[in-house]
Amino acid sequence: QYVLIYVDGILVISHDPGDTMTWIANTYHLKDVSMESPTHYLGAKVGKYYLGMYQCWYMSADEYLECALPAIEAKMGKLTTKYVNSPSKGYHPEMYRSRERNEDMISVYVSCISILQWAVKLGHIGVALHASLMSGYQSNPGQVHLDKVIKMFAYHKKHLRSKVMLDPAPRD
């Protein structure tokens, strides 16, 4: 069994979560105790998914990204850039030397990297490597780095239906 707690959110993963939630509610003062299947946790949409005869849980960053993308487009423009799914051979972002951005664009870049990293944590793992590589340039991004981040958001815009399925097989 797992108990996930973050600020004011508690998620109990167990065959019988009622006993655990009752113990927590009796031990600590909780403002709202609802014992139902979760629909969201820390910005991720969670739910049940059926794979043949097996039922499993999934996590998805889709709703988080659907809210974040319009704000990104308002700052960066329409996200229509074609995204290449994997870095090209010899891809070395540290070698890019382009003019530095102004402070406002550096702030946008840092915000974009934070959004990408949180989306990866919520299950949108398609850009985990790219987000990690580009996060190293938050203190002094160049135009090329910003262009790469825009391409990552264009990828997210086209792939909003991804989910991470949690394996339902019992563990030893």
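Definitions and cut-offs
- Residues numbered from 1 in each chain as written.
- Predicted model: local features only at pLDDT ≥ 70, side-chain atom pairs only at ≥ 80, totals over all residues.
- Heavy atoms only, no water.
- Helix = DSSP H or I, 4+ residues; strand = E, 2+ residues; numbered from the N terminus.
- Buried < 20%, exposed > 50% of the residue type's maximum accessible area, 1.4 Å probe, protein only.
- Contact = heavy atoms within 4.5 Å.
- Core = buried A, V, L, I, M, F, W, Y, C linked by side-chain atoms within 4.5 Å.
- Pairing = 2+ DSSP bridges.

Engineer: Which residues make up the environment of Lys148, and what values do they have?
Structural biologist: Along the chain, Lys148 turns up in helix α5 (residues 143-158). We classify Lys148 as partly exposed; its relative accessible area is 23%. With 18 residues separating them along the chain, Lys148 and His130 place their C-alpha atoms 8.7 Å apart.

Engineer: An account of the side chain of His156 is requested, with residue identities and associated values reported.
Structural biologist: Mapped onto the elements of the fold, His156 is located in helix α5. What makes His156 buried here is its relative accessible area of 0%. Residue contacts for His156: discarding those within four places in its chain leaves Leu65, Leu116, His124 and Val127.

Engineer: Tell me about the nonpolar core, residues and numbers included.
Structural biologist: Grouped together as the largest cluster of nonpolar side chains are 30 residues, with contacts concentrated most on Ile72, Met76, Leu79, Tyr109, Leu116, Val149 and Phe153. Of all elements in the fold, only α2 (62-76), α3 (103-121), α4 (128-135) and α5 reach the threshold of two or more residues within this core. Here this core gets 9 residues from one element, more than from any other, and that element is α3. When sequence neighbours within four positions are dropped, the list of residues in contact with Val149 reads Tyr109, Cys112, Ile113, Leu116 and Met134.

Engineer: I'd love a proper account of the sheet that holds strand β6 (residues 164-166), names of residues and values included.
Structural biologist: Read across the sheet, 4 strands follow the order β3-β4-β5-β6 without closing on themselves; strand pairing throughout is antiparallel. Looking along the sheet, the strands with just one partner apiece sit at the ends: β3 (40-41) and β6. The pairing of β3 with strand β4 (residues 44-51) spans 2 bridges and is antiparallel. Bridge pairing in β4 places Tyr41 opposite Ala44.

Engineer: Explain the pairing of β4 to me, and be specific about the residues and the numbers.
Structural biologist: Connecting the antiparallel pair β3 and β4 is a turn made up of 2 residues, with Leu42 showing a positive phi of about 55 degrees. Alignment of β4 against strand β5 (residues 54-60), held across 7 bridges, turns out to be antiparallel. When the bridges of β5 are listed, Lys45 appears paired with Ser60. The antiparallel hairpin formed by β4 and β5 contains 2 residues in its connecting segment, where Gly52 sits at a positive phi of about 65 degrees.

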